[in-house]
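Each chain is listed here by its residues.
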Amino acid sequence: MNGIKKVVCGISGGVDSSVAAMMLAKKGYEVVGVFMRNWDVTNEVGVCMADREAEDAERTCKHLDIRFQEVNFVKEYWNDVFSEFLSDYQNGFTPNPDILCNRHIKFHLFWDYALEKIGADAVATGHYARSSFGPFLENFQPQKNVKLLQAADSLKDQTFFLSQVHQKALQSTMFPLGKFTKDRVKRMAQESGMEFVASKKESMGICFIGSRDFKSFIKQYLDPTPGPFIDLGTGRVVGHHQGIHNYTIGQRCRIGGQLHRYYIAHKDQKTQEIKVVDDTDHPVLYTTSLTTGPMHWINALPPLLLSTGKLRCLFRFQHGYPLVPCTLTSIGHDQMEISIDIPQRALTPGQYAVLYMGEECLGSGRILLPGPSLYELGCDTHVWACL
């Protein structure tokens, strides 16, 4: 894409997208900074954080002397991301709204808006990821698929969250920050006079929850569905809760009047029963296999999987977790079975199994069902004594 002139850069009001826009401007592109308003509900102290972030995004664009505009995807975000988030929790799943947001909003609606409404030749974001076409699409080949590659900074790599993005969008997306560390990006912002974003506290967790307690947030949208906590080992009721949607597998739960620390082992959506164990490394929390729904392949279905029905690759189900060797097996009905070389703690339906081959992110599939736990396979002591 040597003819790239106009680039739309998603501007969030943070340091990463600000530095990405700065790098594009220095390259001589006609840069348009666009702020996506995806959530407009006030936080726990009555402040709409989107307003504050939009102000910082506009300030960045003024500082860089680039055009600024805002696009509103609140309705679409609610329908495609937040509604599914609520439905999943209500049904006992643990969703990942960041993956859904990238798939449905940032690399679909926003990408369409940039190319069709603004007339951009390419889109850029502040994600820590790399493209096989290069940070500025300098190696673009029109007849070739692009590969999504891990960022140089393994601690900040965000390919996990991009694992459901479609090939067409990636082919015209720039990732200027892919070879930089977070510290270097902050220094670049400071050196360019953007201390106002370099000094901002980095946002963590789910964007629409902010710093609020999850239970306090979710009860605004889902009604209580009381049920018992049951000790897995004794079968005894050890407490009561206000709904399985407040908990996820492996999470520590505080049960009034109990001396033990308890951890969520199993949730039953029909009965609202939650089985708990008093050991964070109890073997019931560990498994070495899982089943996924249809896989989304970023580049293409791996030829070896197509020809043999099996593939050795690398796996993770949480951002930042170490990559673990696994074997992927096609089992029909658009489902895959993944056998993992090292037992994984708290594999949970609704999360995503993200696959890698070397530095390439191959894609991901939604976890439908974890395999039998080590406890079910006969390990009834501390997990590491069974390995």
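For the structure given in this document, a descriptive report is provided here.

### A short note on the overall build of the protein chain
Then step 1. Within the protein chain one finds nine helices and 18 strands.
Then step 2. In summary, the protein chain has a C-alpha radius of gyration of 22 Å against a globular reference of 21 Å for 387 residues, a match within 12%.
Then step 3. With respect to the principal axes defined by its C-alpha atoms, the protein chain has extents near 70 × 55 × 35 Å.
Then step 4. In the protein chain, once contacts between residues fewer than 6 apart in sequence are set aside, the share between residues at least 24 apart is 66%.
Then step 5. Accessible surface computed for the protein chain: about 18000 Å², of which carbon and sulfur atoms make up 50%.

### Quick notes on the side chain of Ser131
Then step 1. With respect to the helices and strands, the residue Ser131 is situated in strand 5 (residues 130-131).
Then step 2. Discounting chain neighbours no more than four positions away, the residues touching Ser131 are Leu137, Val146, Lys147, Leu149 and Phe175.

### Considering unusual backbone geometry
One can expect most non-glycine residues to show negative phi and most peptide bonds to be in trans.
Then step 1. Of note in the backbone geometry, Leu137 takes a positive phi value of approximately 60° without being a glycine.
Then step 2. Positive phi is not limited to glycine here, since His333 has a value of about 55°.

### Here's the deal with helix 1 (residues 15-26)
Then step 1. Across its 12 residues, helix 1 extends 16 Å between first and last C-alpha, which sits within 8% of the 16 Å expected from 1.5 Å per residue.
Then step 2. Burial analysis of helix 1 places 10 of its 12 residues in the buried class, which makes it a mostly covered element.
Then step 3. Looking one or two places after helix 1, you find Gly28, whose phi comes out positive at around 95°.

### With respect to the pairing of strand 13 (residues 286-297)
Then step 1. Among the 12 residues in strand 13, 10 count as buried, and that is most of the element.
Then step 2. Here strand 13 runs beside strand 16 (residues 335-345); their pairing, made up of six bridges, is antiparallel. Within the sheet, the bridge partner assigned to Leu290 lies in strand 16 and is Ile338.
Then step 3. The pairing of strand 13 with strand 18 (residues 360-370) spans six bridges and is antiparallel. Each bridged residue has a counterpart across the sheet, and for Thr292 the counterpart in strand 18 is Ile367.

### A few points about the sheet that holds strand 7 (residues 173-174)
Then step 1. What the five strands build is an open sheet, ordered 3-2-1-4-7; its pairing is parallel. Whereas interior strands pair on both sides, the edge strands pair on one side only; in this sheet they are strand 3 (67-72) and strand 7.
Then step 2. Pairing analysis gives three bridges linking strand 1 (residues 6-10) to strand 4 (residues 122-124), with the strands arranged parallel. Each residue of the ladder has a partner; that of Cys9, found in strand 4, is Ala124.
Then step 3. Contacts between helix 1 and the sheet are confined to strand 1, strand 2 (30-37), strand 4 and strand 7, with strand 1 contributing the most and set at about 170° to the helix.

### Section: the environment of His319
Then step 1. Along the chain, His319 falls in the loop between strand 14 (310-316) and strand 15 (324-332).
Then step 2. Given the relative accessible area of 31%, His319 is considered partly exposed.
Then step 3. Distance from His319 to Gln158, taken between C-alpha atoms, is 7.5 Å for residues 161 residues apart in sequence.
Then step 4. In this structure, His319 is in contact with Leu155, Lys156, Asp157, Phe160 and Phe161, ignoring residues within four places of it in sequence.
Then step 5. In terms of polar contacts, His319 uses its side chain to reach the backbone carbonyl oxygen of Asp157, at 3.3 Å.

### Structural notes on the sheet that holds strand 12 (residues 274-277)
The strands making up a sheet associate through hydrogen bonds between their backbones, and the pairing can be parallel or antiparallel.
Then step 1. Strand order in the open sheet made by the five strands is 9-8-12-11-10, with mixed pairing throughout. Sheet topology places strand 9 (237-241) and strand 10 (252-253) at the edges, where each strand pairs with a single neighbour.
Then step 2. Two strands pair when backbone bridges link them, and strand 11 (residues 262-267) and strand 12 are joined in this way by four bridges, in the antiparallel orientation. Considered in strand 12, the bridge of Tyr263 is made with Val277.

### Concerning helix 2 (residues 49-64)
Then step 1. An ideal rise of 1.5 Å per residue puts 22 Å on 16 residues; helix 2 measures up with 23 Å between its terminal C-alpha atoms.
Then step 2. For helix 2, every residue scored as buried is listed here: Ala50, Ala54, Asp56, Ala57, Thr60, Cys61 and Leu64. Looking straight down helix 2, one finds that the buried residues subtend no more than 165° of arc, so they occupy a single side. Set apart from the buried face of helix 2 by more than 90 degrees, the exposed residues are Glu55 and Lys62.
Then step 3. Close packing links the buried residues of helix 2 with helix 1, strand 2, strand 3 and helix 7 (195-198).
Then step 4. Following helix 2 by one or two positions, Asp65 has its phi on the positive side, about 60°.

### Some remarks on the pattern of salt bridges
Then step 1. Evaluated as defined, the whole model comprises 10 salt bridges.
Then step 2. Between Arg37 and Glu70 there is a salt bridge; the shortest N-O distance is 2.6 Å. Here Arg37 is found in strand 2, whereas its partner Glu70 is found in strand 3, with 33 residues between them in sequence.
Then step 3. Across the pair Asp56 and Lys200 runs a salt bridge whose closest N-O atoms are separated by 2.9 Å. Residue Asp56 is found in helix 2, and its partner Lys200 is found in the loop between helix 7 and helix 8 (214-218); the two are separated by 144 residues along the sequence.
Then step 4. Since its relative accessible area comes to 23%, Lys200 is described here as partly exposed.
Then step 5. Several salt bridges converge on common partners, so that one network encompasses Arg37, Asp51 and Glu70.

Reading guide: rules and limits
Residues numbered from 1 in each chain as written. Predicted model: local features only at pLDDT ≥ 70, side-chain atom pairs only at ≥ 80, totals over all residues. Heavy atoms only, no water. Helix = DSSP H or I, 4+ residues; strand = E, 2+ residues; numbered from the N terminus. Rg over C-alpha atoms; globule rule 2.2 N^0.38 Å. Contact = heavy atoms within 4.5 Å. Areas by Shrake-Rupley, 256 points an atom, 1.4 Å probe, with all protein chains shown as cover. Expected span 1.5 Å × (residues − 1). Buried < 20%, exposed > 50% of the residue type's maximum accessible area, 1.4 Å probe, protein only. Pairing = 2+ DSSP bridges. Axes fitted to C-alpha atoms, helices over the stretch in contact; angles between N-to-C directions. Polar contact = N/O pair within 3.5 Å; in protein donor to acceptor, adjacent residues only side chain to side chain. Arc of directions from axis to C-beta. Salt bridge = Lys/Arg side-chain N within 4 Å of Asp/Glu carboxyl O.

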